[in-house]
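Residue-level listing of the chains:
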Amino acid sequence: MHHKTLKPFPDNFFWGASTSAYQVEGAALEDGKGPSCQDVKVVPEGTSDLSVSVDHYHRYKEDIALMAEMGFKSYRFSISWSRLLPQGVGEVNPKGIAFYNNLIDECLKYGIEPIVTMFHFDMPAALDERGSWGNPESVNWFLEFARLMYENFGDRVKYWLTINEQNVLTLAGPIIGTLHLPDNCTNVKKEIYQQNHHQLVAQAKAMVLCHELLPEAKIGPAPNIALIYPNTNKPEDILASQNANAIRNWLYLDMAVKGRYNHLVWEYLGHFDAQPEFAPGDAQALAQAQPDFIAFNYYNTSTVEYCPAEFELGDEKSDQQKMLTEPGYYRAVSNPNLPKTEFGWEIDPIGFRATLRTLYDRYHLPLLVTENGLGAYDSLTEDGRVHDPYRINYLRAHIEQIQLAISDGVEMLGYNPWSAIDLISTHEGIKKRYGFIYVDRDEFDLKTLKRYRKDSFFWYKKVIASNGQDLTD
Ligand code: BG6
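Residues numbered from 1 in each chain as written. Predicted model: local features only at pLDDT ≥ 70, side-chain atom pairs only at ≥ 80, totals over all residues. Heavy atoms only, no water.

Draft legend 1. Seen up close, the sheet that holds strand 3 (residues 113-119). A sheet is described by the order of its strands in space; here eight strands give the open sequence 5-4-3-2-1-11-10-7, paired in parallel fashion. With one partner strand each, in any of the chains shown, strand 5 (218-222) and strand 7 (294-297) form the two edges of the open sheet. Taking the axes of each pair of neighbouring strands and ignoring which way they run, one obtains an average angle of 30° across the sheet. When strand 3 meets strand 4 (residues 159-164), the two strands line up parallel, connected through four bridges. Within the sheet, the bridge partner assigned to T117 lies in strand 4 and is L161. (Pairing = 2+ DSSP bridges. Helix = DSSP H or I, 4+ residues; strand = E, 2+ residues; numbered from the N terminus. Axes fitted to C-alpha atoms, helices over the stretch in contact; angles between N-to-C directions.)

The following block contains the structure:
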């Protein structure tokens, strides 16, 4: 679509960036924090554990000051469940409450809007031992945690995100260290989708509770959404892309926004005898909830083609951005039209605009981008600089597409790329860096943990100061 002139970014647009608790905080067992599943998992070979991360727990003041220097309007971070409730439920850790009070106050001191993710991949280990999301009680556990956050932080936090990338938890749990299966599990898909169902109900009830307790606040889901293209215009490839989009994307948002299971996914689950059980009241709870906006993370689109049911899977590797083939439904293929990052993720800014348009078309809710970014090997030069033109180019191309989407009539709330500061990747260590702020540490050597401004830091500062009008180097 051609626009004679482009619409500007809204005046109150949330320019900022994101992190998650376990990937930045460190202090994994300090000041009363209980372990989370991330602290007890077997870390992938050759990557750092999460015990120190980038020490944000002790250095948050310096980090927030740097974000303020960039001109951030928002900072999206997550709250560690087991820092507030070391056992997941029951006794509260006052030092955990104090830490997040301080963090929130520090943001507000600089006029930075705190955008809080309630749950980002870090189930308390104590609750994993009780069956994790597979236990029907998990809905109440999450509500207890949600209530605690609303009561302690709701006077200052106006934007809440429920569960980060619930679709990734469901589809790629093993790779990010979150999948918990009972010993006697005979139908893995059924167990996973039952866990997913409990999360959907927990999310719905948390949204209702938020609106009840904090009428001024806004809340929304935060899945990882990216369109899935058909490989060709063969009709069977179109059907494959519909299947994949339903299973990866629409299941999560149809439920969050419309309160019902996507019909394609429901029938797909039926085929594997994996439809989740509804507890009494679930259907009503799911129908009652209403998000105020859709937050979502976007890295890249995927591509699929027709796949016969008898197709035999090889040892293909999947992760958040690489789809696993589902015989009978779709086969994941790579897209020769797209370049890739050093870590093998495709780069597709135009697909970002297409995703924004489709989301708005389907749900008609304002959109908040809560992740987008480039994982790369950065190096600190002798003069204390990090030259990362590749990251600037990536972010610029995506910001341009947001403005085009705004000009297409899409309602946008903000852009919070990944990540504010370098952090430990979900499964590829600290060497896969995303931040505007470089942290001096290696995979197994904590070095000085000193912070350095990357070139992208200065560039993003200019972008924010011009409200997205100056994207030049
Ligand atoms: C998203 C997650 O999947 O992608 C983040 O919400 C994650 O936690 C980010 O870090 C980038 O992925 P990775 O695997 O490169 O860390």
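Draft legend 2. Spotlight on the site of the ligand. Taken together, 16 residues form the shell around the ligand, and within it Q23, E165, T426, K432 and Y434 come nearest. Contact between the ligand and E371: an oxygen atom at 2.8 Å from a side-chain N or O atom of the residue. Here an oxygen atom of the ligand sits 2.7 Å away from a polar atom, N or O, in the side chain of K432. Against a free-state accessible area of 380 Å², the protein chains account for coverage of 100% of the ligand. (Near = heavy atom within 4 Å. Polar contact = N/O pair within 3.5 Å; in protein donor to acceptor, adjacent residues only side chain to side chain. Areas by Shrake-Rupley, 256 points an atom, 1.4 Å probe, with all protein chains shown as cover.)

Draft legend 3. Local environment of the nonpolar core. Ranked by size, the top nonpolar core spans 138 residues in total, and within it W160 and Y460 carry the most contacts. By size, the runner-up hydrophobic cluster in this structure holds eight residues, among which are F14, I115, L161 and A222. (Core = buried A, V, L, I, M, F, W, Y, C linked by side-chain atoms within 4.5 Å. Buried < 20%, exposed > 50% of the residue type's maximum accessible area, 1.4 Å probe, protein only.)

Draft legend 4. Spatial organisation of the sheet that holds strand 9 (residues 331-333). With mixed pairing, three strands are arranged side by side in an open sheet as 6-8-9. The open sheet has two edge strands, strand 6 (228-230) and strand 9, and neither has a second partner. Sheet twist, expressed as the average angle between the axes of neighbouring strands with direction ignored, equals 45°. Relative to strand 9, strand 8 (residues 302-305) runs antiparallel, the two sharing three bridges. What sits directly across from V304, in strand 9, is A332.

Draft legend 5. Representation of the packing of aromatic side chains. Within this structure, the stated rule accounts for 37 aromatic pairs. When the ring of Y57 is compared with that of F99, the centres are 4.5 Å apart and the planes differ by 40°; the resulting orientation is tilted. With Y57 in helix 3 (residues 56-70) and F99 in helix 5 (residues 94-109), the pair connects residues that are 42 residues apart, well separated along the chain. For Y57, a relative accessible area of 8% puts it in the buried group. (Phe/Tyr/Trp six-rings, centres within 6.5 Å; stacked < 30°, edge-to-face > 60°.)

Draft legend 6. Up close: the pattern of salt bridges. Here the structure, examined in full by the defined rule, presents 29 salt bridges. Between R59 and D55 there is a salt bridge, with its nearest N and O atoms 2.9 Å apart. By relative accessible area, R59 is classed as partly exposed at 24%. With a relative accessible area of 12%, D55 lands in the buried category. E443 is the partner of K431 in a salt bridge, and the nearest nitrogen-oxygen pair spans 3.3 Å. Note that K431 is positioned in the loop between strand 11 (412-415) and strand 12 (437-439) and E443 in the loop between strand 12 and strand 13 (451-453), a separation of 12 residues in sequence. Where salt bridges share partners, they join D378, D388, R391, D422, R433 and K454 into one cluster. (Salt bridge = Lys/Arg side-chain N within 4 Å of Asp/Glu carboxyl O.)

Draft legend 7. The arrangement of helix 11 (residues 263-271) in detail. All buried positions along helix 11 are accounted for by V265, Y268 and L269. End-on, the buried residues of helix 11 take up no more than an arc of 95°, which puts them together on one face. Every exposed residue of helix 11 that faces more than 90 degrees away from the buried side is listed here: H263, E267 and H271. Considering only its buried residues, helix 11 is in contact with helix 9 (188-213) and helix 10 (235-258). Of the residues flanking the start of helix 11, the one acting as N-cap is N262, its side-chain oxygen 2.9 Å from the backbone nitrogen of L264. One or two positions beyond helix 11, positive phi appears at D273, with a value near 55°. (Arc of directions from axis to C-beta. Contact = heavy atoms within 4.5 Å.)

Draft legend 8. Here's a closer look at helix 10. Its 24 residues give helix 10 an end-to-end C-alpha distance of only 28 Å, which falls more than 12% under 34 Å, the value for a rise of 1.5 Å per residue. The principal kink in helix 10, of about 55°, is found at W250. The buried fraction of helix 10 amounts to 18 of the 24 residues, a majority that puts the element mostly inside the structure. Immediately downstream of helix 10, the backbone of G259 shows phi near 70°, a positive value. (Expected span 1.5 Å × (residues − 1). Bend = angle between axes of the 7 residues up to and from the residue.)

Draft legend 9. Looking closely at the packing of helix 10 against helix 11. Their axes nearest at 9 Å, the elements helix 10 and helix 11 cross at an angle of 100°. For the element pair helix 10 / helix 11, the angle class is roughly perpendicular. Here helix 10 contributes Q242, A246, I247 and L251 to the contact with helix 11, which in turn contributes L264, V265 and Y268. The residue makeup of the contact of helix 10 with helix 11, split by class, is six nonpolar, one polar and no charged. (Parallel < 35°, antiparallel > 145°, perpendicular 65-115°, else oblique. Nonpolar A, V, L, I, M, F, W, Y, C, P; charged D, E, K, R; others polar.)

Draft legend 10. Structural view of the environment of S318. Here S318 shows up in the loop between strand 8 and strand 9. The class of S318 is buried, set by a relative accessible area of 19%. Setting aside its immediate chain neighbours within four residues, S318 contacts I175, M323 and L324.

Draft legend 11. Expanded view of the pairing of strand 10 (residues 367-371). Taking burial as the measure, the five residues of strand 10 include five buried ones, the bulk of the element. Here strand 7 runs beside strand 10; their pairing, made up of four bridges, is parallel. Residue F296 lies in a different strand from strand 10, and its bridge partner there is V369. Bridge count for strand 10 against strand 11 is three bridges, and the pairing is parallel. Considered in strand 11, the bridge of V369 is made with Y415. What joins strand 10 to strand 11 is helix 14 (residues 389-407), and the crossover it makes is right-handed. (Right-handed = clockwise from strand over helix to strand, strands pointing away.)

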